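Observations on the model geometry
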Amino acid sequence: MVMKQVFGRPETLCDGATHYCGGCGHGVAHRLVAEALDHFGLHDKAVGVAPAGCSVMLYDYFDVDTIESAHGRALAVATGMKRANPSLFVFTYQGDGDLASIGMCETIHTANRGEKITVVFINNAVYGMTGGQMAPTTLPGQKTTTTPLGRSTATEGAPIKMAELMAGFDGVAYSERVAVYDARHVLRARKAIYRAFESQIHQAGMGFVEVLSPCVTNLKMSPEKAQAWVAEEMCAAFPLGLFKDTLSQYEKENAPAVEGSDAHAS
Amino acid sequence: MSPSNHGAAARPGTRKLVQGNIALAEGAVRAGLNCYFGYPITPQNQIPEYLSWRLPETGGVFLQAESELASINMVLGAAATGARVMTSSSGPGISLMQEGISFLAGSQIPCLIVDVMRCGPGLGGIKPTQADYYQATRGGGHGDYRTIVLAPFSAQEMFDFPMRAFDLAEHYRNPVLILSDAILGQLKEPAVLEPAGIPRPLPNTWALTGAHNRPARNLRSMYLSGDDQEIHNNVLWEKYNRIEQELPEAEQIETDDADILIVAFGSAARIALSAIRLAREEGLRVGLFRPVTLYPYPGKALRELTSRVNRVLVVEMNMGQMLDDVRLAVTDEVRIHFYGRPGGGVPTPHDILAKIKEC
Ligand SMILES: Cc1ncc(C[n+]2csc(CCOP(=O)(O)OP(=O)(O)O)c2C)c(N)n1
């Protein structure tokens, strides 16, 4: 009997262990991005922009061209790449400190310009890499190493809802918030990431996916507890859902889309 | 050479009256510029304004960024694809770019950065200065790195230096900075706007173009495992050592019979040339040593020259920054005098003449 392989490592995901903590959501999100790279056949033309944050070393995990960026500047780097060579497929992968705090200016302006870039935004409600300090997405009352009494909305403001914010820009073709705490949600997250890829492939605009993701180490919880915390606490503060989809409309109007049509000599 | 020619007369071709900033922008286009990213700031605005229409004519990309933080990182991304890329700015904007310049140096990504210096500190003002010499020549951002620094002193050199800058940037895989100032940016004088050669971007083996028929590539400055960071930094320093051997350049004017030597770069060197003319009318034999590369500093040539001319007057539009490099270059026997003006002040030829007489 011929055996058919039904599950395996995506080709664009490198073999070997990652440095992520057991139970961290980055690993699952990496896999979903790699599946999308494989699905759309982007190995030969993709460039991944790594942030400063826990995922800075994604260049060791993806078998595509990659570049490091300064904290918060991934979308400026991505803009430069895409403008210089529009035939590249450019994606950024950023944490909440990177994208929604220090890099907020770049995030907003890149969205407003409608750069044809795919953004995978990992919201884990803390600064993972630097030891669990408050993030712009830390929940009200959540204790972190810089909010020992819990985040006070009176003095530190409320968590920033990026997927909703991004939906407000004409340049964004797709914006969805997903989570990766169980299989059903992982499948939905994969769908959303595919759509964010298609936003760029069809030149419709920026594709944005916010992924709610557990940081077991800084939440000081077991993987199971951290997943439950994402499902209950985070999803209450950050409702899952699709906030913008002009991509579908764009696809109807422009089918069949021709990619790389505005390429110039560089 | 006559101080009024500033390099243009010797060149074949038609001389045109041109503003320094425009000469630089057109020089960059003729050097094969593919992309420009920048944010407005006086006194360099003519560069982005000119490139906003001129660069698209050649198929290039012009983008006004939301800040200098964004523009330098757009430069990094675009240059990482192998394109010829530049930005330009002044004082506060160049300060904002320093983290990005450090990343460019650390990741060995070639590009051109133009600093049309204005006076500081702080918001300062739009008057000329040379007060950002330290920032330009000592790296400027965090970490032990250098950018190659070219110091033009005429509209002709503003036109010519972008081509040299891109060639050097690609050859050494390093950012190159053209250190100009408000005088050089705003002045209008004749220059030949024909490049000496055609742009020849180096074929490269490192750019991010998609992993088609080759292993995936990565550009980074961070090396976490073992001794890798130190190994990487040693690679950078081997390169800087080569640069220090191969690149230093200075122009010597009327030094053959000189008893007194003025050391000055950029605008200060132009004013010094007028002072030298006045001095020679009075029978004082004064010559000029003008560094063209500020990093690497042409210290060896200066040491040789000062073994013969041992009275030196350093003139700068700052309070003594290049002075350090002069002190490092020459022997203890050389008597060094200094005349500097802090940001906002521009010396006159007569100011300098008075200092010459004190030497
Ligand atoms: C200019 C600058 N400031 C601060 C840092 C330190 N730093 C690195 S990553 C980071 C925050 C990371 O948090 P986040 O973006 O949420 O990603 P995570 O690690 O949680 O995945 C900080 C503050 C830096 N590298 N550069």
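This report concerns the structure included in the present document.

About the cut-offs
Residues numbered from 1 in each chain as written. Chains lettered and ligands numbered in written order. Predicted model: local features only at pLDDT ≥ 70, side-chain atom pairs only at ≥ 80, totals over all residues. Heavy atoms only, no water. Helix = DSSP H or I, 4+ residues; strand = E, 2+ residues; numbered from the N terminus. Rg over C-alpha atoms; globule rule 2.2 N^0.38 Å. Areas by Shrake-Rupley, 256 points an atom, 1.4 Å probe, with all protein chains shown as cover. Lys, Arg positive; Asp, Glu negative; His and termini not counted. Charge placed at Lys NZ, Arg CZ, Asp CG, Glu CD. Contact = heavy atoms within 4.5 Å. Salt bridge = Lys/Arg side-chain N within 4 Å of Asp/Glu carboxyl O. Nonpolar A, V, L, I, M, F, W, Y, C, P; charged D, E, K, R; others polar. Pairing = 2+ DSSP bridges. Near = heavy atom within 4 Å. Polar contact = N/O pair within 3.5 Å; in protein donor to acceptor, adjacent residues only side chain to side chain. Axes fitted to C-alpha atoms, helices over the stretch in contact; angles between N-to-C directions. Core = buried A, V, L, I, M, F, W, Y, C linked by side-chain atoms within 4.5 Å. Buried < 20%, exposed > 50% of the residue type's maximum accessible area, 1.4 Å probe, protein only. Domains from an automatic or database assignment. Expected span 1.5 Å × (residues − 1). Arc of directions from axis to C-beta. Right-handed = clockwise from strand over helix to strand, strands pointing away. Parallel < 35°, antiparallel > 145°, perpendicular 65-115°, else oblique.

**Notes on the overall build of chain A**
- Counting secondary structure elements, chain A contains 10 helices and 9 strands.
- Relative to a compact globule of 266 residues, whose C-alpha radius of gyration would be 18 Å, chain A shows 18 Å and is just as compact.
- Seen along its three principal axes, the alpha-carbon backbone of chain A occupies a region of about 55 × 55 × 30 Å.
- Total accessible area on chain A stands at roughly 10,500 Å², and carbon and sulfur atoms take up 56% of it.
- Here chain A contributes 22 positively and 28 negatively charged side chains, and the mean placements of these two sets differ by 4 Å.

**Looking at the interface of chain B and chain A**
- At the interface, 38 residues of chain B touch 35 residues of chain A.
- Along the contact surface separating chain B from chain A lie 3 salt bridges.
- The residue Asp65(A) makes a salt bridge to Arg214(B) at a minimum N-O spacing of 2.6 Å.
- Of all the secondary structure elements, the ones that give two or more residues to the side of chain B that touches chain A are β2 (35-38), β3 (61-64), α3 (68-80), α5 (98-106) and β9 (218-219) of chain B.
- A per-element tally of the side of chain B that touches chain A places α3(B) first, with 8 residues.
- A class-by-class count of the residues in the side of chain B that touches chain A yields 21 nonpolar, 12 polar and 5 charged.
- Relative to β9(B), strand β2 (residues 65-68) of chain A is paired through 2 bridges, and the arrangement is parallel. Pairing of Thr66(A) across the sheet is with Asn218(B), part of β9(B).

**Remarks on the environment of Leu288(B)**
Residue and element names in this part refer to chain B.
- Tracing the backbone shows Leu 288 in strand β12 (residues 286-291).
- Spatially, the C-alpha atoms of Leu 288 and Glu 251 are 8.0 Å apart, while their sequence positions differ by 37 residues.
- The residues contacting Leu 288, other than those within four sequence positions of it, are Glu 251, Gln 252, Ile 253, Thr 255, Leu 261, Ile 262, Ala 264, Ala 269, Ala 272, Leu 273 and Ile 276.

**Comments concerning the site of the ligand**
- Near the ligand you find 17 residues, and of these Cys54(A), Asp96(A), Asp98(A), Gly128(A) and Met129(A) are the closest.
- Near the ligand, the surrounding residues belong to chains A and B.
- One of the backbone nitrogen or oxygen atoms of Gly97(A) is found 3.0 Å away from an oxygen atom of the ligand.
- Asp98(A) is positioned with one of its backbone polar atoms (N or O) 2.9 Å from an oxygen atom of the ligand.
- Coverage of the ligand by the protein amounts to 75% of the 590 Å² it exposes when considered alone.
- The set of elements that each furnish at least two residues to the shell around the ligand consists of α3 (96-102) and β5 (126-127) of chain A.
- In terms of residue count, the dominant contributor to the shell around the ligand is α3(A) (4 residues).
- For the shell around the ligand, the per-class residue count stands at 6 nonpolar, 8 polar and 3 charged.

**A few points about the sheet that holds strand β4 (residues 118-123) of chain A**
- Spatial ordering of the open sheet is given by β9(A)-β7(A)-β8(A)-β4(A)-β3(A)-β1(A)-β2(A)-β9(B), a layout of 8 strands whose pairing is mixed. This sheet does not close on itself; its edge strands, each paired only once, are β9 (241-245) of chain A together with β9 of chain B.
- In the sheet, strand β7 (residues 172-179) of chain A pairs with β9(A) via 4 bridges, with the strands oriented antiparallel. Along β9(A), the bridge assignment pairs Arg177(A) with Gly241(A).
- Helix α2 (residues 74-84) of chain A contacts β1 (46-50), β2, β3 (89-95), β4 and β8 (206-212) of chain A of the sheet and is inclined by roughly 180° relative to β3(A).

**Side note on the nonpolar core**
- Core analysis: the largest hydrophobic core is formed by 121 residues, its most contacted members being Ile67(A), Met86(B) and Val263(B).
- Ranked by residue count, the leading element in this core is helix α7 (residues 155-172) of chain B, at 10 residues.
- For this core, the domains that each give at least three residues are domain 1 (3-246) and domain 2 (250-358) of chain B.
- Discounting residues that sit within four places of it in the chain, Val263(B) has contacts with Phe289(B), Pro291(B), Tyr297(B), Leu302(B), Val312(B), Leu313(B), Val314(B), Val315(B), Met322(B) and Val326(B).
- Of all hydrophobic cores here, the second largest spans 41 residues; its members include Tyr20(A), Ala46(A), Phe89(A) and Tyr174(A).

**A few points about helix α2 (residues 46-57) of chain B**
Residues and elements named next belong to chain B.
- Spanning 12 residues, α2 covers 17 Å between terminal C-alpha atoms, matching the ideal 16 Å at 1.5 Å per step.
- For α2, the set of buried residues is Ile 47, Pro 48, Tyr 50, Leu 51, Arg 54 and Leu 55. The buried residues of α2 all sit within an arc of 155° when viewed along its axis, so they share a single face.
- At the C-terminal side of α2, Gly 59 shows a positive phi close to 85°.

**Focus on the pairing of β12(B)**
All names here are of chain B.
- Here β12 lies mainly inside the structure; 6 of its 6 residues are buried.
- Both faces of β12 are covered, namely the face carrying Val 286, Leu 288 and Arg 290 and the face carrying Gly 287, Phe 289 and Pro 291.
- As defined by bridge partners, strand β10 (residues 250-253) adjoins β12 across 4 bridges and the pair is classed as antiparallel. Bridge pairing links Ile 253 to Leu 288 in β12.
- As paired elements, strand β11 (residues 260-263) and β12 share 4 bridges and run parallel to each other. Directly across from Val 263, in β12, lies its bridge partner Phe 289.
- Note on the crossover from β11 through helix α10 (residues 266-281) to β12: the handedness is right-handed.

**Thoughts on the packing of α2(A) against helix α4 (residues 104-113) of chain A**
All names here are of chain A.
- Contact geometry for α2 and α4: axes closest at 9 Å, N-to-C directions at 30°. One way to sum up the angle between α2 and α4 is to call them roughly parallel. Residues Leu 75, Ala 76, Thr 79 and Arg 83 of α2 pack against Glu 106, Thr 107, Thr 110 and Arg 113 of α4.

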